[in-house]
Amino acid sequence: MTRVLHVDTATEWRGGQRQLELLLRARPGDEWAGVPSSPLAERLGPPCVALRAGAHPLNVLALRAAAPGFDLLAAHTPHALGLALLARAPTVAHRRVDFVPSPLKYRLAKHVIAVSGAVRDVLLGVGVPAEQVAVVYDGVAPVTPWADPRWAGLPRPLYGCVGALVGHKGHRHVIDAMVQVPGTLVIAGEGELRPVLEAQVRQLGLQGRVLLPGHVDAAGLYGALDVFVHPSEEEGMGQAVVEAMAAGCRVVATRAGGVPEVVGEAGLLVPVRDSVALAAAMLSAVGLSAGAGVDRARGFSVEAMATGTSRVYDAVSERVHPRRR
């Protein structure tokens with residue numbers, strides 16, 4: 001098996017870090033480089049190569065010293081990609097968002113793993129050669145939904161979102177939609193926009209109907225929901241959407257990035273940044289049969305993600321280290 005040093009410079013816990021945790025557990029011969037105080041380190045143990053938070057010049061030297069012990073480096077954040085390239089090591093880049101990236105870094109990578117066809121199209125649009133990009137969807141572990149008692153007794157229908165409270169997740173649009181929709185909305189997650197979203201809730205008079213409880217057990221929320229809502233403006237793929245489908249939730253989502261590839265015909269899709277269309281779909285979704293996405297969600301397994309990723313690593317290693325084979 002190709003031996004890989006995974007580089008992740010994040011100091012927060014987001015979908016990319018969850019995917020790296022799953023990948024490392026599926027590839028026990030690999031190691032990782034990152035910040036020892038990060039949430040990823042809390043789950044995996046200390047990194048093989050300790051990096052300092054931020055743009056510290058010693059990070060490049062640490063990776064350059066470690067790289068000869070591995071066939072490849074895998075960069076899981078844009079910052080990590082810059083470090084790996086400066087370390088002059090053969091690098092595979094992972095790209096999980098559909099924002100337009102810095103073109104040069106991704107062209108210099110030996111290969112790029114895009115989390116969806118939509119992300120692949122963005123990379124091609126900035127000049128990354130098609131033969132240098134592979135699509136490997138994120139993997140989602142099986143979800144066992146259960147109804148957390150904290151959501152019992154809330155006015156129904158009960159709608160829910162799961163995601164960081166940041167701008168591109170589009171929570172402001174689903175809050176606007178709640179003006180036209182009866183019931184309760186739970187927005188699970190934490191982030192920099194909490195004060196802004198809380199102010200919006202107060203301004204619209206939605207206190208008690210729109211709740212922002214912070215981080216919660218997602219499975220306990222999925223089991224209580226009538227409808228899962230994913231209002232993102234930009235989205236590489238949407239792990240939470242797959243989780244919600246696997247849990248049997250009815251799904252309403254925007255046509256952001258790779259989300260339509262995930263949902264297919266198993267949910268209702270609406271334009272991004274359109275609270276009116278979002279409200280109409282939320283009202284309609286209550287009457288749909290639950291469980292339509294369960295079978296579809298099985299296609300986004302951790303095993304498929306790990307197999308597809310390993311296939312790319314092996315092909316790149318064969319290309320850059322032909323004598324090792």
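A.B. asks: Quick question: what am I supposed to make of the layout of surface pockets here?
C.D. replies: Any empty space left between the atoms is revealed when a probe the size of a water molecule rolls over them. The space that makes up the second largest pocket amounts to roughly 160 Å³. If you go around the second largest pocket, the residues you meet are Val-140, Ala-141, Pro-142, Val-242, Ala-246, Val-294, Ala-297, Arg-298, Phe-300, Ser-301, Val-302 and Glu-303. For the lining of the second largest pocket, a count of residues per class yields nine nonpolar, one polar and two charged.

A.B. asks: Would you mind going over the pattern of salt bridges with me for this structure?
C.D. replies: If charged atoms from side chains of opposite charge come close, those side chains can pair. As enumerated under the stated definition, the model contains 13 salt bridges in all. Measuring nitrogen to oxygen at the nearest pair gives 3.4 Å for the salt bridge that ties Arg-273 to Glu-233. One end of the pair, Arg-273, is in the loop between strand E13 (268-270) and helix H12 (275-285); the other, Glu-233, is in the loop between strand E11 (227-230) and helix H10 (239-246), and 40 residues separate them in sequence. Since its relative accessible area comes to 47%, Arg-273 is described here as partly exposed. Judged by relative accessible area, which is 12%, Glu-233 ranks as buried. The network of salt bridges with common partners includes Arg-18, Glu-21 and Arg-25.

A.B. asks: Looking at this structure, I do not really get the packing of helix H1 (residues 15-26) against helix H14 (residues 302-320). What am I missing?
C.D. replies: Closest axis-to-axis distance for the H1/H14 pair is 10 Å, and the angle between their directions is 75 degrees. Relative to H14, the element H1 is oriented roughly perpendicular. Residues Gln-19, Leu-22, Leu-23 and Ala-26 of H1 form the contact with H14, whose participating residues are Val-302, Met-305, Ala-306, Thr-309 and Tyr-313. A breakdown of the residues in the contact of H1 with H14 according to their chemical character gives seven nonpolar, two polar and no charged.

A.B. asks: Looking at this structure, I do not really get the sheet that holds strand E5 (residues 91-95). What am I missing?
C.D. replies: Backbone-to-backbone hydrogen bonds join strands into a sheet, with any given pair of strands oriented parallel or antiparallel. Strands sit in the order E3-E2-E1-E4-E5-E6-E7 across an open sheet of seven strands; the sheet is parallel. Edge positions in the open sheet fall to strand E3 (49-50) and strand E7 (133-135), since each of these has one partner strand only. Contacts from H1 reach strand E1 (4-8), strand E2 (31-34) and E5 within the one sheet, and its direction differs from that of E1 by about 160 degrees. Sheet strands touched by helix H6 (residues 117-125): E5, strand E6 (111-114) and E7. Its angle to E7, the strand with the most contacts, is close to 165 degrees.

A.B. asks: Whenever I open this one, H14 confuses me. Can you help?
C.D. replies: Residues separated by three or four positions in an α-helix point in the same direction, a consequence of the helix having 3.6 residues per turn. End to end, H14 covers 27 Å across 19 residues, agreeing with the expected 27 Å (1.5 Å per residue, within 8%). As for H14, its buried residues are in contact with E1, H1, strand E4 (72-75), E5, E6 and E7.

A.B. asks: For this particular structure, what's the right way to read unusual backbone geometry?
C.D. replies: A negative phi holds for most residues other than glycine; trans holds for most peptide bonds. With an omega of 0 degrees, the peptide bond running from Arg-156 to Pro-157 counts as cis. Looking at where Pro-157 falls in the secondary structure, it is placed in the loop between E7 and strand E8 (158-162). The phi torsion at Arg-88 lies on the positive side, around 60 degrees, for a residue other than glycine. With respect to the helices and strands, Arg-88 occurs in the loop between helix H4 (78-86) and E5. Accessibility expressed as a relative area gives 69% for Arg-88, which makes it exposed.

A.B. asks: What is the right way to read the packing of helix H3 (residues 58-66) against H4 from this model?
C.D. replies: For any two helices packed against each other, one specifies the inter-axial angle together with the distance between the axes. For the pair H3 and H4, interaxial distance at closest approach is 8 Å and the crossing angle is 60 degrees. Relative to H4, the element H3 lies oblique. Crossing of H3 over H4 shows right-handed handedness. Counting all contacts with H3, which are made through Asn-59, Val-60, Leu-63 and Arg-64, the residues of H4 involved are Leu-83, Ala-84 and Leu-86.

Rules of the game
Counting starts from 1 at the beginning of each chain's written sequence and moves along it residue by residue. In keeping with the model being predicted, local features are shown solely for residues with a pLDDT of at least 70 and side-chain atom pairs are shown and tallied solely at 80 or more, while totals for entire chains, interfaces and linings include all residues. The basis for every side-chain value is the complete set of non-hydrogen atoms in the structure, without hydrogens or water. Residues are said to line a cavity or pocket when one of their atoms sits within 4 Å of a point; the points come from a 1 Å grid over protein atoms alone, cavities being sets where a 1.4 Å probe fits but cannot get out and pockets being open sets with protein on both sides within 12 Å along at least five of seven lines. Grid points are joined across faces, edges and corners, and a volume is the space filled by probe spheres set on the points. Under this grouping Gly is polar, as are all residues other than the nonpolar Ala, Val, Leu, Ile, Met, Phe, Trp, Tyr, Cys and Pro and the charged Asp, Glu, Lys and Arg. The term salt bridge refers to a pairing of a side-chain nitrogen on Lys or Arg with a carboxyl oxygen on Asp or Glu at a separation within 4 Å. Under the scheme used here, helices are H or I runs from DSSP no shorter than 4 residues and strands are E runs no shorter than 2 residues, and both carry numbers assigned from the N terminus. Note on classification: 1.4 Å probe, protein chains only; a residue is buried when its accessible area is under 20% of the maximum for its type, exposed when over 50%, partly exposed between these limits. As a rule, the C-alpha atoms of each element are fitted with a line to give its axis, helices using only the stretch in contact, and angles between N-to-C directions run from 0 to 180 degrees. Note that the term roughly parallel is reserved for angles under 35 degrees, roughly antiparallel for angles over 145, roughly perpendicular for angles of 65 to 115, and oblique for everything else. When checking whether two residues touch, look at their non-hydrogen atoms; a contact exists if any pair is within 4.5 Å. A pair of strands is labelled paired if DSSP reports no fewer than 2 bridges between them. The span you would expect from a helix comes to 1.5 Å times its residue count less one. Two helices that cross are described as forming a left-handed crossing if the nearer one is turned anticlockwise from the farther one by less than a right angle, and a right-handed crossing if clockwise.

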